[in-house]
2 protein chains.
Amino acid sequence: MTQFDDATAVEPAGSGSYEAKLDATWSVGDKLHGGYLMALLARAAPNSAAGPGHPHVTAVSASFAEPPEPGPAEVRVEALRAGRTITQVRAELAQDGRTRVAALVTLGLLDDADPHWTSVEPVELPPVESCFLAPREVPGNAFPVPLMDVLELRLHPEQLGFVFGEPTRRGWLDTWQRFKDGAPWDPLSLLVALDPVPPASYDLGLPGWAPTIQLTAHVLRLPAPGPVKVRLSVTEVGGGRMDETAMVWDSEGRLVAQATQLAAVRVPA
Amino acid sequence: MTQFDDATAVEPAGSGSYEAKLDATWSVGDKLHGGYLMALLARAAPNSAAGPGHPHVTAVSASFAEPPEPGPAEVRVEALRAGRTITQVRAELAQDGRTRVAALVTLGLLDDADPHWTSVEPVELPPVESCFLAPREVPGNAFPVPLMDVLELRLHPEQLGFVFGEPTRRGWLDTWQRFKDGAPWDPLSLLVALDPVPPASYDLGLPGWAPTIQLTAHVLRLPAPGPVKVRLSVTEVGGGRMDETAMVWDSEGRLVAQATQLAAVRVPA
């Protein structure tokens, strides 16, 4: 069992309810990682709701209402519609009787075929070994990133200016990502890759944390073995909020997942 | 009262429940328009859940489980969290006891200030009068578009090739949009603009209908008076599905809303 499978395991607890144990390793500072929480919700979805024909998550929208704590949590799932080609599910993660994360999940059957048509080219990144390994303890950062104990995340060496107060100000950060235990990427774990650390606002000289309010992920196809490339980019910052887009390509250069995110961000006056 | 306000009106029916009347005018073929349905859900959200400080929808994710019928419907809303700067709400639209559309809504306070930073430039479109007015009855189309009775939608004249079987194959369609009754755009009605007709797959030579499975909209700021410009573009088509992005600019050229959509699409073998 991979570290990811273990950390996102859910146990049936009757009538659409599942018991989960939120693993503090999958955290940024003292907050559980958004992509990890979405994966946990999406893990529970097909267990109760879908027929055997729709094993894969193809879309998840999540609203992050209140940060959950590491430890026991309840996941509830409810099928909205089980159709011929997709199943639609409503899900939530609760602790102490309060909904911490609410989600809408679509399930289907993915394959690894090439797209019929695409508008996007994969980002170009130097080889994995030439990229900067993100540490668990970031110099000058107020908090550690326990997620880096399980996820190898390497930053493009030409985009490290934000560390020295000289961000590129283009508004994007490109990374290689793979699991430290060698686990292959799958549709669920791609949700982790879609929510990279740090936020792309760092590349705009806005170093504050950017808590996710709402995040929508699409998983397009089964990823090829090997590390994935991720571009996280800012669409716009204003009014205390930021719109970010993430795209993930597999080792064969195919787009395998994408996300849009609404986050809170502080802009110094 | 504008036609849009009238068609999206909701009446309190006790404990988070609202009565709505779905107006067949806001349809494409015999299906109610997705942006219209989202607006109706978002209209109900602040009534019950938010304090007076969060009057505007800033994000909506909707899962379209089963097409609702014109006529009476129930909207249910439930506050997940009412915070200092935002309120998060879960909503659904039901008919005959079945959830037809499920949604996650974020509410806040928008203004019309310029962004702190943006990555996007407004699309260039010829003047409104030089663009092609989309008709209610499309020649060669199997169904009428009643939505065009209330919405003036004008297509870029250089992107009309799809009508003659000669699409540009760039994967986008640009439109001017304004309401026929002269109603100004507001955060709610921008949800209609974010789900344009026809789908951008028409520009790829895929003329079949593309029913929305899941749609996430972000509203960024209050729009200036006047018509809006909209670009609907395809990210990727494959495996029976399409990822689309929509962006809406107000008459002052500022991005006021954006959306990503997962839709079903048929690719001829």
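Residues numbered from 1 in each chain as written. Chains lettered and ligands numbered in written order. Predicted model: local features only at pLDDT ≥ 70, side-chain atom pairs only at ≥ 80, totals over all residues. Heavy atoms only, no water.

1. A short note on the packing of aromatic side chains
Test applied: Aromatic rings from Phe, Tyr and Trp, with only the six-membered ring used for Trp, were paired whenever their centres fell within 6.5 Å, and each pair was classed as stacked if the ring planes differed by under 30 degrees, edge-to-face if by over 60, and tilted otherwise. Each residue is placed in one exposure class: buried if its accessible area under a 1.4 Å probe, protein chains only, is under 20% of its type's maximum, exposed if it is over 50%, and partly exposed if it falls in between. Runs of H or I in DSSP of at least four residues are treated as helices and runs of E of at least two as strands, each being numbered from the N terminus.
Under the counting rule described, the total for this entry stands at 14 aromatic pairs over all chains. When the centroid spacing of 4.4 Å and the interplanar angle of 35 degrees are considered together, the rings of F179 of chain A and W185 of chain A count as tilted. Both residues of the pair, F179 of chain A and W185 of chain A, count as buried. Ring centres of W26 of chain B and Y36 of chain B lie 5.6 Å apart, and the angle between their planes is 20 degrees; this geometry places the pair in the stacked category. Taken together, the positions of W26 of chain B in the loop between β2 (17-22) and β3 (27-28) and Y36 of chain B in helix α2 (residues 34-49) put the pair 10 residues apart, joining distant regions of the chain.

2. Looking at the nonpolar core
To be explicit about the condition: Throughout this description, the term nonpolar core refers to a set of buried Ala, Val, Leu, Ile, Met, Phe, Trp, Tyr and Cys residues connected via side-chain atoms within 4.5 Å.
Counting 76 residues, the largest nonpolar core has W26, V75, L93, V105, L191 and V248 of chain B as its most contacted members. Ranked by the residues each element gives to this core, the list is headed by α2 of chain B, at 9 residues. Counting 75 residues, the second-largest nonpolar core is a separate cluster that includes A62, V150, L151 and V248 of chain A.

3. A closer look at the pairing of strand β11 (residues 151-155) of chain A
All names here are of chain A. Going by this rule: Two strands qualify as a pair provided that DSSP identifies no fewer than 2 bridges between them.
For β11, the buried fraction is high: 5 of the 5 residues fall into the buried class. Along β11, one buried face is formed by L151, L153 and L155 and the opposite face, lined by E152 and R154, is buried too. Pairing analysis gives 2 bridges linking strand β10 (residues 132-133) to β11, with the strands arranged antiparallel. Paired with F132 across the bridge in β11 is L155. Two elements, β11 and strand β12 (residues 172-179), share 5 bridges in a ladder whose sense is antiparallel. Residue pairing in the sheet places R154 in a bridge with W176 of β12.

4. Comments concerning the pattern of salt bridges
Definition in use: Salt bridge criterion: a side-chain nitrogen from Lys or Arg within 4 Å of a carboxyl oxygen from Asp or Glu.
The full count for this structure, using the stated rule, is 38 salt bridges over all chains. For the salt bridge of E66 of chain A with R98 of chain A, the shortest nitrogen-to-oxygen distance reads 2.8 Å. Of the two residues, E66 of chain A sits in the loop between β5 (56-64) and β6 (71-82) while R98 of chain A sits in strand β8 (residues 98-108), which places them 32 residues apart along the sequence. Taking relative accessible area as the criterion, E66 of chain A reaches 24% and is therefore assigned partly exposed. The class of R98 of chain A is partly exposed, set by a relative accessible area of 39%. Among the salt bridges present, the one from R100 of chain A reaches E66 of chain A, with a minimum N-O distance of 3.8 Å. Of this pair, R100 of chain A sits in strand β8 while E66 of chain A sits in the loop between β5 and β6, and the two are 34 residues apart along the sequence. Ionic contacts of the salt-bridge type, sharing partners, join the residues E74, R76 and E92 of chain A together with E78 and R90 of chain B into one network.

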